[in-house]
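Observations on chain architecture
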Amino acid sequence: MTKRDLSARPLGLPGDFVFGVATAAYQIEGGVAEGGRGPSIWDAFTARPGAIHHGETGEVACDHFHRWAADLDLMAELGIPAYRLSLSWSRLQPTGEGPLNPEGVRFYRELLAGCRDRGIEPFVTLYHWDLPQALQDAGGWPERRTAELFGAYAQQVADELGDLAEHWITVNEPVCASFLSYWWGMQAPGHTDLGEAVRAAHHLLLGHGLALRALRARRPQAKVGITNLVSNLAPAGDGAADAAATAQLDIRFNRMFLEPVYHGRYGHDVVEVFAPQGLTDTETDEGLVRPGDLALISAPADFAGVNHYTNTRVAADPDSWNGARMIQVEPAPTNFGWSDTPEALTAVLRRLATEFTDLPLYVTENGATFTDYVTPDGAVHDPERVHYLAGYTAALADARAAGVDVRGYFLWSFLDNFEWSWGYSQRFGIVHVDFGTQQRIPKDSALWYRDLIRANRAGPPTPEGSFS
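Quick look at the structure, then. Computed from a predicted model, the values in this text were never measured in an experiment.

We now examine the sheet that holds strand β3 (residues 121–127). Where strands meet in a sheet, backbone hydrogen bonds hold them as pairs that are either parallel or antiparallel. Taking strand neighbours around the barrel as the criterion, the 8 strands line up as β1-β2-β3-β4-β5-β7-β10-β11 in a closed arrangement whose pairing is parallel. This sheet shows a mean twist of 25° between the axes of neighbouring strands, independent of strand direction. Here 5 bridges tie strand β2 (residues 82–86) to β3, and the two strands are oriented parallel to one another. Across the sheet, residue Y83 finds its bridge partner in β3, namely P122. Contacting β1 (18–22) and β11 (406–412), helix α15 (residues 444–456) runs over the sheet at an angle of about 160° to β1.

In structure tokens, the structure reads:
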């Protein structure tokens, strides 16, 4: 590994810089048939033979539905000041329309109040991929009605829960909820239709706009944004072919989702790629992009959420998907084979601030998987993750030094969890979970992150907890 300062040291960040951790409802809650929850597309997808590693499901996951109070106690004991969590649409509104489920409302009111009681600031995501199965049965995100129902759902959530959180994220990673889900078949509902994927992408962005409008109307004081997964892409070589392949992937991974939100349009190159699937740069009454859509999608937000994981070089290759072969930049030590190159995060933040928006930026997810296990001393030693986090948190300071208004960082993830199609084979958490016993053990990285937060917190540190 490249030599890196692993001390939990002050980074020169402002005193109000937000450090936090992140999770998603389906990945940790369990309790899928409890509390009035309805089935989601992930319940259906995990039941499909061969869809998930070892056929695993989120039926129990981290059992957070029953253990949330102890999990928040642990978060508080580690001194983590902010928590990005998501609401399960199917728990709050089992069929995706109609009144909210009172048991679901009660659960999330207790959870959010529990955060506040412990001095933890909640950042709440409305949609982290758990579409109610009833809406998928009616066509899912490729149908415009799903976006409209999502806007109505956001209004009800604002009424029932909006008093307990200031920061709201409308949609998490629309690229995954559309392309990975409806085109590449990797995630629920597991379809492989490009036309569906393009329609889903537009309607997810429209859903963001409708949810933003609903939150503005019901909770004018709320701070609202969308989170996009932003890849750092560069040509593998100096030739024109690699440059062209990189540009094509940038359209599919980044620009398709950033341009409408921050520029108020689909750019010419984006439309050229997806025109066969109905994408246009004009709004028509009967088309995919209807009058008023782009104004809703690009309505002023309060911040921009950024998820970043990988650093990729692109080589032209006619035998690869879309004629482009993706190469991870070395070193790439993580279990997914993703890079440990913090400069890529700095580059992504600088690009967003330069090309797309002057809004404050929050890194809403960043982390890595490694082979973690409990050693005979009863601890979980994960020096690779500490090395990774030391680099990526320092990259925040580098971005600020370059003039980027980055205001927060949410580490993915607080707990080891159900990692979507990879089941329980990948561990992102800074807290180890034994999924058989549900025992939690803070890893060395959790203790390092605790110390980093203390070193960068304005004012005196909080009292020592039981971890040392």
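Within the structure shown, the criterion is met by 29 salt bridges. R385 is the partner of D372 in a salt bridge, and the nearest nitrogen-oxygen pair spans 2.9 Å. With a gap of 13 residues between them, D372 in the loop between β10 (361–365) and α14 (383–401) and R385 in helix α14 connect regions that are remote in the sequence. The same class applies to D372 and to R385, which are both buried. Overlapping salt bridges, with partners in common, bring together D372, D382, R385, D416, R427 and K443 in one network.

Quick look at the layout of surface pockets now. The volume enclosed by the largest pocket comes to roughly 750 Å³. In terms of lining, the largest pocket is formed by 29 residues, of which the most central are C176, L180, L229, T310 and W338. Residue assignment for the lining of the largest pocket shows that the elements contributing at least two residues are α8 (174–182) and β9 (324–328). A per-element tally of the lining of the largest pocket places α8 first, with 3 residues. For the second largest pocket, the calculated volume is near 170 Å³.

Per the counting criterion, the structure on display carries 39 aromatic pairs. Where W183 meets W321, the ring centres are 5.5 Å apart and the plane angle is 55°; that geometry is what we call tilted. Linking W183 in the loop between α8 and α9 (194–218) with W321 in the loop between β8 (311–316) and β9, this pair joins segments that are 138 residues apart in sequence. A residue is classified by how much of its surface remains accessible, and W321, at 30% relative accessible area, is partly exposed. Positioned above the aromatic ring of F107 is the side chain of R91, whose terminal nitrogen or guanidinium carbon lies 5.7 Å from the ring centre.

This part takes up helix α10 (residues 240–263). Working note: α-helix, 3.6 residues per turn, so residues spaced by three or four point in the same direction. Taking 1.5 Å as the rise per residue, α10 with 24 residues should run 34 Å; its terminal C-alpha atoms sit only 27 Å apart, a clear shortfall. The largest bend in α10 amounts to roughly 55° and is located at R255. In terms of burial, α10 is largely enclosed, as 17 of its 24 residues are buried. Looking one or two residues beyond α10, the residue adopting positive phi is G264, at roughly 75°.

Reading guide: rules and limits
Residues numbered from 1 in each chain as written. Predicted model: local features only at pLDDT ≥ 70, side-chain atom pairs only at ≥ 80, totals over all residues. Heavy atoms only, no water. Pairing = 2+ DSSP bridges. Helix = DSSP H or I, 4+ residues; strand = E, 2+ residues; numbered from the N terminus. Axes fitted to C-alpha atoms, helices over the stretch in contact; angles between N-to-C directions. Contact = heavy atoms within 4.5 Å. Salt bridge = Lys/Arg side-chain N within 4 Å of Asp/Glu carboxyl O. Buried < 20%, exposed > 50% of the residue type's maximum accessible area, 1.4 Å probe, protein only. 1 Å grid on protein atoms, 1.4 Å probe; cavity = no way out; pocket = protein on both sides within 12 Å on 5 of 7 lines; lining within 4 Å. Points joined across faces, edges and corners; volume = space filled by probe spheres on them. Phe/Tyr/Trp six-rings, centres within 6.5 Å; stacked < 30°, edge-to-face > 60°. Lys NZ or Arg CZ within 6 Å of the ring centre and 35° of its normal. Expected span 1.5 Å × (residues − 1). Bend = angle between axes of the 7 residues up to and from the residue.

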